[in-house]
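Chains, contacts and geometry: an overview
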Amino acid sequence: MMDIANRFDIAVIGAGHAGCEAALAAARMGCKTLVCVINLDTIGAMSCNPAIGGLAKGHLVREIDALGGEMARNIDATSIQFRRLNTSKGPAVRSSRAQADRLLYRLRMKKILENQKNLTIRQTTVDSLRVEHGRVTGLRTSLDEDIAVSAVVVATGTFLNGLIHVGLKHFPAGRMGDSPSVSLAGWFRQQGFTVGRMKTGTVPRLDANTIDYAGLEPQYSDRPPAFFSFASDGDYRQPQFPCHITYTNEKTHEIIRGSIDQSPLFAGIIEGVGARYCPSIEDKVMRFPEKLRHQIFLEPEGIETTEVYPNGVPTSLPLATQVAMIRSIKGLEKAVIVRSGYAIEYDYVDPLELLPSLETKRIRGLFLAGQINGTSGYEEAAGQGIMAGINAVRSCRGEEPLILDRSQAYIGVLIDDLITRGTKEPYRLFTSRAEYRLLLREDNADERLSEIGYRIGLLPQQQYDRFREKQREIDEGIARLDNTWIKPSPDIDEQLERLQSTTLKQKSSLSDLLRRPELSIDDLGSLVSHDTRQAVAEIGASRFSEEIQLRVKYKGYIERQDEQVRRFKKLESTQIPADMDFTGLSGLSNEVVEKLGRVKPVSLGQASRISGITPAAISVLQVHLRKRSFESKQDKGQR
C-alpha cells in the first residue's frame, strides 16, 4: 500500500515562475499540492535579467495579480527600480517594468511557497509519469519514489535536456550550476509528443566596482512607484538604484566579427532556434552590419551585491572574447566578468499538443506551462502557470476548465496564439498581438479578471473588497462628470480660450469637455462654479483619477471595441465537436483539412485564426455545423 505522504491531488514539476504560480494557485484553491524541484535554493530564481514587466509583459503581471497570483506582489516587495514605459503614447501600450533585487525576489518567493497551506516542497528529480487509461496517475523520481497524483503541471523551464554552450565548449545543465532533466525529456518523446529544440541565452555579469560610471547616462526610478499589484500602495519597499546606459561601438563589433568562428551558433553547433526579439550580440552585429552601435543598460542585480547585468549583450562567445568585447565599451574598459554569458538549448513540446486549458490532448490530467510550451520570458511563463494550476484543480474536481479568451486578457491572447498557431521560435508577447488592446490595458486588469479570480476561490477577500471599492469610486467620479453641466457664457469662453480650447456652442457636461484632447480633469475646476469646484478637485485628487480620465476620454473608442468583441464572441461561441472528422467534409481543400486536423480547434473563432484557413473555409464549416446540429435535433425528436 502506498504511503499517504506520497498521495497528492496535484504535482507541479519545476519551481520557476510558471511552477510557483501553478503551485500557489492549486494550493490556495484547496488542493493538496506537491512541488518537485531539482534544487530548493533556486525556487523563483531569475535565471536571466533581474527584472519583471516591460511592454505587454507588465499587462500579464497585472492580470496574474487580478486573478490572485503572486508575481506582482513579489516584485513590488523586492524592486530596486520602478519605471513606466511608453508614457507619451496611448493608454493601450503603456506598461510597467521593475528592476528586482535578484536574491530578495527568490528568497521571498521561496518563503511564500514554504508557508503556503496545502503545499509541500521536495528537492527531487522527476524521471517519468505514470499513465493509466489515458490519464496521468502518478510520477516516479530519480530516488525511486512512487507518488500518486490526480493531475500534474510540468513547468521545467530550460531544464528538459538542457545543454549550455560557451564558445565551442558545451555541457549538460538546466542553467549554469544546475543539473538538467534528461529522463523526463526522454519520457515525453516516448509518449509520442512532438518535441523540438529551442535556444536562449544570457549576458556576462560584471563587478560594479570595476565599472567607470562617469560619463554614462543614469536612469532613475519613477516617483511615485508604479506598483504592479492592485493590493500595493505607499512608497518604495527597498532602496532605489539607477541603471546606466552605454553602447557598443565599431571596435566591439570588430572583436565579435573576428571571433565569429568560435560562436556555437554560427559554427552550427547549436540546433535550437533562438528568440528573434532577444538576439545575442553576435546575432545583432552579423545581421545588422549597418548599425554602428547597440544600446546596453547596466542593471544592478541587488542591494547587497556588486553584480551588474549588462542588458543587451547576451552571448555564447568564448570567455576571452567576452572579456575583450566588454572592455571595448565605454565605462567598461576595466570591467571584470564575474559570471560568463552563455547560450542554452533545451527541449520544448509543440504547443499544438495542448487544449485551451493547457491540458495535453494525449494525456488527461497533464498540463504544461512556461518554456516547455515554446515561450520566452518570466511573465509569459507565470501567466501560463497560474492558468495551468487553476485548470489542474478544476480537472481534479470534474469542473469545466477556465478559459480566458482574446477579448478578456493578454493571458488569453498568449495561450490562444500558442495552441492555434504553434511556434517554431521562442514566443514573446507584444501589445500588437492583441486585437482589442484598448480593452486590455494595465489599469483595468482587475476590472476584467478580479470577479473571476474571486469566484474560483483564488483572489483573497481583502483584495476583492479593495477592487470593489475602486470600482465604486471610479463609477461615482464618472457619474459626477456626466451629471455636471456647463452653459455657454463669456466667462466660460474666456477660460476655454486660456486653456487653448474652442468655445462652447451649447450646454455640455464635464465629461463632454474632458473628451477634448487638450483638457484634463485639473483644467475643469476653472470652468465650474465655486459650489462644484470642490467636487471636481476631489476627482482630480483621487487615487484613480488617471483611470477616470482615461475611461471618459476614450469612451467612444472603447464602445467601438466592445462592439467588435460582441461580433468576435459569436464565432467563439460556435463550438466544434471534439469528434468532428474534417476529412469527410466536402468543400475543404486537403491543406485546410490537414491544418484543422492538426490543431483540432474547439470553436469557429479558433479555426478562423489558424494560418491558412480562409473565410471561405469558415463558411463551409458553418454550413456543416448547422447541418450536424439539425440532424442531431431530428434524431433526438425521433427517439
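These notes cover the structure that comes with them. Here the structure is a predicted model, which is why all the values come from computation and not from measurement.

What counts and how
- Residues numbered from 1 in each chain as written.
- Predicted model: local features only at pLDDT ≥ 70, side-chain atom pairs only at ≥ 80, totals over all residues.
- Heavy atoms only, no water.
- Helix = DSSP H or I, 4+ residues; strand = E, 2+ residues; numbered from the N terminus.
- Rg over C-alpha atoms; globule rule 2.2 N^0.38 Å.
- Buried < 20%, exposed > 50% of the residue type's maximum accessible area, 1.4 Å probe, protein only.
- Contact = heavy atoms within 4.5 Å.
- Areas by Shrake-Rupley, 256 points an atom, 1.4 Å probe, with all protein chains shown as cover.
- Lys, Arg positive; Asp, Glu negative; His and termini not counted.
- Charge placed at Lys NZ, Arg CZ, Asp CG, Glu CD.
- Phe/Tyr/Trp six-rings, centres within 6.5 Å; stacked < 30°, edge-to-face > 60°.
- Lys NZ or Arg CZ within 6 Å of the ring centre and 35° of its normal.
- Polar contact = N/O pair within 3.5 Å; in protein donor to acceptor, adjacent residues only side chain to side chain.
- Disulfide = S-S within 2.5 Å.

Concerning the overall build of the protein
Helix and strand counts for the protein stand at 21 helices and 23 strands. Taking 639 residues into account, the globule formula puts the C-alpha radius of gyration at 26 Å, and the protein, at 27 Å, falls close to it. In terms of overall dimensions, the protein has C-alpha extents of about 85 × 85 × 50 Å along its principal axes. Counting all 639 residues of the protein, 56% fall into the buried class. In the protein, once contacts between residues fewer than 6 apart in sequence are set aside, the share between residues at least 24 apart is 73%. Carbon together with sulfur atoms contributes 49% to the accessible area of the protein, which is approximately 27,600 Å² in total. Placing the 85 positive and 81 negative side-chain charges of the protein at their respective mean positions leaves the two points 3 Å apart.

Focus: unusual backbone geometry
The amide bond that connects R223 to the next residue, P224, takes the cis arrangement and shows omega of 0°. For P224, the position within the fold is in the loop between β15 (217–219) and β16 (243–247). At A56, a residue that is not glycine, the phi angle is positive and equals roughly 70°. Within the fold, A56 resides in the loop between β3 (51–53) and α2 (57–67).

Quick word on the packing of aromatic side chains
Overall, the coordinates contain eight aromatic pairs when judged by the stated rule. Seen from their ring centres, W187 and F188 are 5.1 Å apart, and the 85° between their planes marks the pair as edge-to-face. Of the residues examined, W187 reaches a relative accessible area of 5% and is grouped as buried. Relative to F467, the ring of Y464 has its centre 6.0 Å away and its plane inclined at 40°; by these criteria the two rings are tilted. Separated by three residues within a single helix, Y464 and F467 lie in helix α12 (residues 461–482), roughly one turn from each other. By relative accessible area, which is 6% here, F467 ends up buried. Linked through ring pairs, F82, F227 and Y236 together constitute an aromatic cluster. The ring of F8 has K32 sitting right over it, with the charged end atom 4.9 Å from the ring centre. Sitting over the face of the ring of Y247, R293 holds its NZ or CZ atom 3.6 Å from the ring centroid.

Overview of the environment of E425
In this structure, E425 sits in the loop between α10 (410–421) and α11 (445–455). In sequence terms E425 and V273 are 152 residues apart; their C-alpha atoms lie 5.5 Å from each other. Those residues in contact with E425 that lie beyond four places of it in its chain are M198, V273, G274, R276 and G374. Side chain to side chain, E425 and R276 meet in a polar contact 2.4 Å long.

Points about the state of the cysteines
What the rule picks out here adds up to zero disulfides. Free cysteine: C20, not disulfide-bonded; nearest cysteine sulfur from C36 at 13 Å. Just so you know, C31 is unpaired, no disulfide at all, and the nearest cysteine sulfur is the one on C396, 5.1 Å from it. Its relative accessible area of 5% is what places C31 among the buried residues.

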